Amino acid sequence: MSTLSARFDGKVGSFRLNMEFTIPSRGVTALFGPSGCGKTTLLRCIAGLNHMPGAELTLDGEVWQKGRTFVPTHKRPIGYVFQEPGLFPHLSVRKNLTYGMKRAGIDSRDSEHLNELTALMGIEHLLERGVTALSGGEKQRVAIARALLMRPRLLLMDEPLSALDQDNKNEIMPYLEQLHSQLEIPVIYVTHDRREVERLADQLLLLRKGELIAQGEIGEILTNPDLPFGRSQDAVTVLDGRVRHYDARYGLSTLQIDGGTLEVPDTLGPTGVYKRLRIASTDVSLALNTDQPSTILNRLPAVIWKILPTDGPSLNVLLRIGNMGEGSALLASVTRKSVESMELKPGQSVFAQIKGASLLGSSTTNKPRKHQMTPLIACE
Ligand SMILES: Nc1ncnc2c1ncn2[C@@H]1O[C@H](COP(=O)(O)OP(=O)(O)OP(=O)(O)O)[C@@H](O)[C@H]1O
């Protein structure tokens, strides 16, 4: 299992990068931040395409850069997927795939490996086609398979969806969603699209002006009261839930989340797997009791942790699910008038009424790591 540790403190041209981080041995780590914050520069430094003197980089203890050591790009076991797929237009899909294998000294007759990856990316039926006849999404799936055929120990993806239209993005997304559960290597995924982060990332590195301003599990970062996500009018909570039960009569799956259970409309799927849920803060309302019947299925006990101003007219109430607030964080968008009339305050027990919890995509996610609990202490 390979863990990437990096320390970059220096300049690439006139642009300064200053950050230190470690990313876990598997799962998708998104590099997220506004245009020009240094995402691509960082990725290129990790790949060895940019050489920043003084930087340190190791993969699973193997030094790629430190002091005088600088392992050149072609000797780093990485797969790199760019915005443009960069396939050879005169070759078939199969030849595009095996060409790279041969160059890397990998036996291109290793059909088992080829079959595995073409199945993972859903391109088996395209192997004999010329690449010019493929859709943008299909081309990018070929490019990902080509990168993985090299048996990389680290996969770098630089905005792989940015050149695609919405239809092609929708088509490729389920294949990308498999990456965190199927690959046993770390994936670093550059994007400035929050929806991609919500669907694909396990961890997030948040960049601004060449610096790392936050790092953590996706669920934690999106609800962190000190970061812009949690204070946004269109804030979102992402939860990974374990499927416990499927009720065929109503077409509802019961998912176990940290601190409670949720029922969501879903198709029949295996129990025990983890699925990712997206809950918009505007789909969560608060009640002081559950005396009245409601059409809202999901009414969970929760404790108010903080009440946050937003960039809009409403407030975001940051909750912890569970009678004692022992579960996951959840954001609810509430008007100032309701906060005043219900006298909502930190530490108070409430019920979170979740109107819409949508499953993100079709695939399963990794078992989430238990979030570090922040105690319910003196809140503002
Ligand atoms: N070789 C270089 N020499 C000088 N400046 C550079 C070099 N490469 C990148 N830059 C500058 O560094 C900054 C960071 O660029 P970078 O492409 O890494 O940002 P980004 O976050 O990936 O942006 P985007 O989301 O728009 O792709 C920019 O101001 C860019 O102009």
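Since the structure is predicted, the reported quantities are computational estimates derived from the model, not experimental observations.

Asker: Whenever I open this one, the sheet that holds strand β14 (residues 260-265) confuses me. Can you help?
Answerer: The strands that make up a sheet are held in pairs by hydrogen bonds between backbone atoms, and each pair lies either parallel or antiparallel. Pairing within the open sheet is antiparallel, and its five strands lie in the order β14-β13-β12-β15-β21. The two strands at the open ends of the sheet, each matched to only one other strand, are β14 and β21 (358-359). With six bridges connecting them, strand β13 (residues 252-257) and β14 associate as antiparallel partners. The residue bridging Ser253 from the neighbouring strand is Val264, located in β14.

Asker: Mind showing me how you'd approach the confidence of the model for the protein here?
Answerer: Detail in the predicted coordinates should be disregarded across regions flagged by low pLDDT. Taken as a whole, the protein shows an average pLDDT of 90; of its residues, 93% reach a score of 70 or greater. Below pLDDT 50 for its whole length, residues 369-380 participates in 17 contacts with residues either more than four positions away or in separate chains. Across the interfaces of the predicted complex, the ipTM metric reaches 0.92, alongside a pTM of 0.89.

Asker: Would you mind showing me how to read the nonpolar core here?
Answerer: Among soluble globular proteins, nonpolar side chains are generally buried collectively. Counting residues in each nonpolar core, the largest one holds 92 residues, and the members touching the most others are Leu319, Leu330 and Ala352. Counting residues per element, this core draws most heavily on helix α4 (residues 136-149), which supplies seven residues. Counting contributing residues per domain, this core is built from domain 1 (4-231) and domain 2 (275-359), each supplying no fewer than three. Those residues in contact with Leu330 that sit more than four places away from it in its chain are Thr237, Ile279, Val284, Ala302, Leu319, Ile321 and Ala352.

Asker: Got a minute to help me understand unusual backbone geometry in this structure?
Answerer: Note: most residues except glycine have negative phi, and most peptide bonds are trans. Even without being a glycine, Asp60 presents a positive backbone phi close to 50 degrees. In this structure, Asp60 sits in the loop between β4 (56-59) and β5 (62-66). According to the C-beta neighbour criterion, Asp60 is partly exposed, with 13 such atoms within 10 Å.

Asker: Help me understand the sheet that holds strand β18 (residues 315-321) in this model?
Answerer: Strand order in the open sheet made by the five strands is β16-β20-β17-β18-β19, with antiparallel pairing throughout. Each having just a single partner strand, β16 (284-287) and β19 (329-334) make up the two edges of the open sheet. Sheet twist, expressed as the average angle between the axes of neighbouring strands with direction ignored, equals 45 degrees. As paired strands, strand β17 (residues 298-309) and strand β20 (residues 349-354) are joined by six bridges and run antiparallel to one another. Counted as the bridge partner of Ala302 is Val350 from β20.

Asker: It is not clear to me how the site of the ligand should be interpreted in this structure. Could you clarify?
Answerer: Lining the immediate environment of the ligand, one finds 13 residues, of which Gly13, Phe15, Ser35, Thr40 and Thr41 sit closest. Looking at which element gives the most residues to the shell around the ligand, the answer is helix α1 (residues 39-47), with three residues. Residue classes in the shell around the ligand are distributed as three nonpolar, nine polar and one charged.

The rules behind the values
Residues numbered from 1 in each chain as written. Predicted model: local features only at pLDDT ≥ 70, side-chain atom pairs only at ≥ 80, totals over all residues. Pairing = 2+ DSSP bridges. Helix = DSSP H or I, 4+ residues; strand = E, 2+ residues; numbered from the N terminus. pLDDT = per-residue confidence, 0-100. Contact = placed C-beta atoms within 7 Å. Core = buried A, V, L, I, M, F, W, Y, C linked by C-beta atoms within 7 Å. Buried ≥ 20, exposed ≤ 12 C-beta atoms within 10 Å, placed from the backbone. Domains from an automatic or database assignment. Axes fitted to C-alpha atoms, helices over the stretch in contact; angles between N-to-C directions. Near = placed C-beta within 6 Å. Nonpolar A, V, L, I, M, F, W, Y, C, P; charged D, E, K, R; others polar.

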